[in-house]
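Listed here are the chains, written in short residue letters.
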Amino acid sequence: MRSFFQRQGKFRPLTKTDERGQDAPTIPEDLWTKCPKCGELLYTRELERNGRVCTKCSYHFRLTARERIDLLVDANTFEEWDTEIRPVDPLEFVEPGGSYKDKLVKTQKKAAENESLITGKGTINGRPIALVVAEFKFLGASMGSVFGEKLVRAVERAVDQNMPVLTVNASGGARMHEGLYSLMQMAKTIAAFHRLGEHRLPHFSLLVDPCYGGVPASYATVADVMLAEPGALIGFAGQRVIEQVTRQKLPEGFQTAEFLLDHGMIDQIIERGNIRHTLTILSDHYVGRPATAQTGYPKGLLADEPIEEEETVVVEVPAGGEA
Amino acid sequence: MTDEIVVTAPESTLTAMDRVRLARDPNRPATLDYVNELLERVVELRGDRSFGDDQALIGGLGTFRGRSVVWLGHQGGTNTKENLERNFGMPRPEGFRKARRLMAHAEKFALPIITFVDTSGADPGISSEERGQATAIAECLLQMIGTRVPIICTVIGEGGSGGALSISLGDRMLMLENAVYAVASPEACAAILWKDAGKAAEAAATMRVTAADLQRFGMIDELILEPIPAHEAPRDTIQTVGERIEHHLNEVIAEWNKDDDASITAMLDKRYDKYRVMGAWTTV
Ligand SMILES: [Zn+2]
């Protein structure tokens, strides 16, 4: 399979991925990474160059929020917002391992992020877009007060600056340590997107692995266009909970992106290598670039095979577009 | 918010878990008890027009204090048979889609909405996932936040997570003294963080799930006292709740005119602001 990502040198050196058991490199010095799906030993540099998609079986490895942003936006266009907002411990929550306050300090150090959501703006092939990207390695991208506040501010800025919003959604569920503050972020975020809709600005939602609980039960599944990465697990209740409660065996492929597509819950499954192209087209439809100003679009359906991306400011030309 | 003196719960020796147990007491009045006691000319409106009718989340028309309203509420059962029919008060996607339909219906006919919140949560089953449980809740929330009629919500029992939130976005949020409202059940929280569902009492305490806690955090507009716990004085409790709903509904309706867009926008802006400020964070 060809490499999707031609913009070499754009990616920062990847950090170790040992925070996720499934992606943990098993070979010393991280020179090689084993694909958890097909078992192929992949040359790590080659994997990174391919947007962390297995070159043999197309398995989509999880990305950090910053890796994701690097893949999405034009080089050097990302401007991060609201980095000064930090979590607090309003409930004085105590769990067996200690206080939430201490947990936050430890997590911030370990994840090298201040919270579980990164927001900002950038351009995709020159089209401005507000980005709201979940960081799963920070407490499972659970939705706490900072998540909600940063998201709402990003959406409000998108309204002010007349931009579409892309949310990249992964979440393990609620931030239990923030109690009802966590639940109320569902209300707060959905209210913000209601406003965005009133301004006729689109919300594109990209569901990535894994996405559960309050995030898909609020703003992430009522976007104007619902996209998901291949193989991503998405649902309301987690699989272990469902098995425990129902004592039933889960069907094959349950809660995968493909399952959601079959059940009518999403518009498209998008290969990582196609996402910029898809967002470029979508952005033009909703934010109003006339089609005549563009050249080279193929007729017919959006291809569902990876498209060779060419780095042009105007628009990408999918080579051999039709699947 | 009202200008009146805020009622706060009296000092109590009850623990958070005691309140959880009270909230779940099977003899505590449930949605249908309120509907039967407070509303006249009640017509249940059933079905999501797509797949089925969910008896765990019910709704319809009724006359409340001389005014036609749309009512919605969670409803469990009082015996095994009824619990199975009502899925223990845990709505499936059809319930949320029906709620959404009835909210849009209320909007079409400019009828205020009153809701009764009482569920341990949304159904966590295989078929609910297949039919889009997360999406159904989300669509219900999106409808509710923008619904152009006054909405008064009351937590009467257990407010469990997204299933409870689905009919809780309104202009006023009331809560009975012995009701609880939580992002996850204490048992689920304990199972995850303590690795032991038996530690629910510890989890309930630190999660701050009581009406008094939520009043302190500014998440409810009124705490309705239960001088005698609701299951021991159901009729009195229902009447008190009815009075408080009427009071808040009258206040919101006073500033709302179904034929005046500006008044509707003002109401929706207030509703937006109500949730906009919910959160606890700091800046560096
Ligand atoms: Zn592979």
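All figures in this text were calculated on a predicted structure; none of them were measured in a lab.

When you go through chain A residue by residue, the secondary structure sums to 8 helices and 13 strands. The 323 residues of chain A split such that 56% are buried. The contacts of chain A with a sequence gap of at least 6 include a subset with a gap of at least 24, amounting to 68%.

A separate point is the coordination of the zinc ion. Residues and elements named next belong to chain A. Within the protein, the atoms that donate to the zinc ion are Cys35 (SG), Cys38 (SG), Cys54 (SG) and Cys57 (SG), at distances of 2.2 to 2.3 Å. Given 4 donor atoms and angles of 107 to 112° at the metal, the environment of the zinc ion is assigned as tetrahedral. Each donor residue of the zinc ion belongs to the same chain, and together they define the spacing C-x2-C-x15-C-x2-C. With cysteine 35 in the loop between β1 (32-34) and β2 (41-43) and cysteine 57 in the loop between α1 (44-49) and α2 (65-72), the pair connects residues that are 22 residues apart, well separated along the chain. When its relative accessible area of 23% is taken as the criterion, cysteine 57 is described as partly exposed.

Let's shift gears to the interface of chain A and chain B. Contacts between the two partners involve 57 residues from chain A and, on the opposite side, 48 residues from chain B. Counting the surface lost from both chain A and chain B, the interface buries some 4,800 Å², and carbon and sulfur atoms represent 72% of this. Looking only at chain A, the three residues that lose the most surface to chain B are Met176, Leu180 and Phe236 of chain A, adding up to 14% of its buried area. If you look at where chain A meets chain B, you find 3 salt bridges. Between glutamate 156 of chain A and arginine 276 of chain B there is a salt bridge whose closest N-O contact spans 2.9 Å. Linking chain A with chain B are 16 residue pairs in polar contact (both at pLDDT 80 or more), by the criterion used here. Broken down by secondary-structure element, the contributors of at least two residues to the side of chain A that touches chain B are β4 (85-87), β5 (94-95), α4 (145-161), α5 (179-198) and α6 (239-246) of chain A. Counting residues per element, the side of chain A that touches chain B draws most heavily on α5 of chain A, at 15 residues.

Looking now at the packing of aromatic side chains. Residue and element names in this part refer to chain A. Applying the stated criterion across every chain, the model contains 8 aromatic pairs over all chains. Ring centres of phenylalanine 204 and tyrosine 286 lie 5.7 Å apart, and the angle between their planes is 50°; on these two criteria the pair is classed as tilted. Of the two residues, phenylalanine 204 is situated in strand β10 (residues 203-212) and tyrosine 286 in helix α8 (residues 275-287); the sequence distance between them amounts to 82 residues. Residue phenylalanine 204 is classed as buried on the basis of its relative accessible area, which comes to 0%.

For chain A, mean pLDDT is 86; residues scoring 70 or higher make up 80% of the total. Per-residue pLDDT stays below 50 along residues 310-323 of chain A; that stretch engages in 36 contacts with residues further than four places along the chain or on separate chains.

All names here are of chain B. Where helix α8 (residues 186-194) contacts helix α9 (residues 200-207), the two axes come as close as 8 Å, and the packing angle between them is 100°. Comparing the axis directions of α8 and α9 gives the class roughly perpendicular. Across the interface between the two elements, Pro186, Glu187, Cys189, Ala190 and Trp194 of α8 pack against Ala200, Glu202, Ala203, Ala204, Thr206 and Met207 of α9. Residue composition of the contact of α8 with α9, grouped by class: 8 nonpolar, 1 polar and 2 charged.

Okay, unusual backbone geometry next. Peptide bonds are trans in most cases, and residues, glycine excluded, mostly fall at negative phi. All names here are of chain A. Residue proline 210 is reached from aspartate 209 by a cis peptide bond, and omega for that bond is -15°. Relative to the assigned elements, proline 210 resides in strand β10. Located in the positive-phi region is alanine 112, a residue other than glycine, with phi close to 55°. Following the sequence through the fold, alanine 112 ends up in the loop between α3 (100-111) and β7 (117-124). One non-glycine residue with positive phi stands out, namely arginine 247, at about 55°. With respect to the helices and strands, arginine 247 occurs in the loop between α6 and α7 (257-262).

All names here are of chain B. With respect to the helices, strands and loops of the structure, alanine 190 is situated in helix α8. Its relative accessible area of 0% is what places alanine 190 among the buried residues. Excluding residues that lie within four positions of it along the chain, alanine 190 makes contacts with Lys195, Asp196, Ala197, Lys199, Ala200 and Ala203.

As a further point, take the side chain of serine 142 of chain A. Residues and elements named next belong to chain A. Structurally, the position occupied by serine 142 is in the loop between β8 (127-134) and α4. Overall, the relative accessible area of 3% leaves serine 142 in the buried class. In this view, serine 142 contacts Ser116, Phe147, Ser171, Gly173, Ala174 and Arg175; residues no more than four positions away in its chain are not counted.

Our focus in this paragraph is the pattern of salt bridges. Within this structure, the stated rule accounts for 42 salt bridges over all chains. In this structure, arginine 175 of chain A engages glutamate 115 of chain A in a salt bridge whose closest nitrogen and oxygen atoms are separated by 2.9 Å. Here arginine 175 of chain A is found in the loop between β9 (165-171) and α5, whereas its partner glutamate 115 of chain A is found in the loop between α3 and β7, with 60 residues between them in sequence. The pair formed by arginine 175 of chain A and glutamate 115 of chain A is uniform in burial state, with each residue classed as buried. Between arginine 172 of chain B and glutamate 251 of chain B there is a salt bridge, and its shortest N-O distance comes to 2.7 Å. Of this pair, arginine 172 of chain B sits in strand β6 (residues 172-176) while glutamate 251 of chain B sits in helix α11 (residues 234-254), and the two are 79 residues apart along the sequence. Each of the salt bridges in this network shares a partner with another, and the network as a whole consists of Asp82, Glu84, Glu149, Arg153, Glu156, Arg157 and Lys188 of chain A together with Arg276 of chain B.

The rules behind these values
Residues numbered from 1 in each chain as written. Chains lettered and ligands numbered in written order. Predicted model: local features only at pLDDT ≥ 70, side-chain atom pairs only at ≥ 80, totals over all residues. Heavy atoms only, no water. Helix = DSSP H or I, 4+ residues; strand = E, 2+ residues; numbered from the N terminus. Buried < 20%, exposed > 50% of the residue type's maximum accessible area, 1.4 Å probe, protein only. Contact = heavy atoms within 4.5 Å. Donors = N, O, S within 2.8 Å, 3.2 Å for Na, K, Ca; no water. Tetrahedral: all angles 85-135°; square planar, octahedral: opposite > 155°, others 65-115°. Buried area = accessible area lost by both parts, 1.4 Å probe. Salt bridge = Lys/Arg side-chain N within 4 Å of Asp/Glu carboxyl O. Polar contact = N/O pair within 3.5 Å; in protein donor to acceptor, adjacent residues only side chain to side chain. Phe/Tyr/Trp six-rings, centres within 6.5 Å; stacked < 30°, edge-to-face > 60°. pLDDT = per-residue confidence, 0-100. Axes fitted to C-alpha atoms, helices over the stretch in contact; angles between N-to-C directions. Parallel < 35°, antiparallel > 145°, perpendicular 65-115°, else oblique. Nonpolar A, V, L, I, M, F, W, Y, C, P; charged D, E, K, R; others polar.

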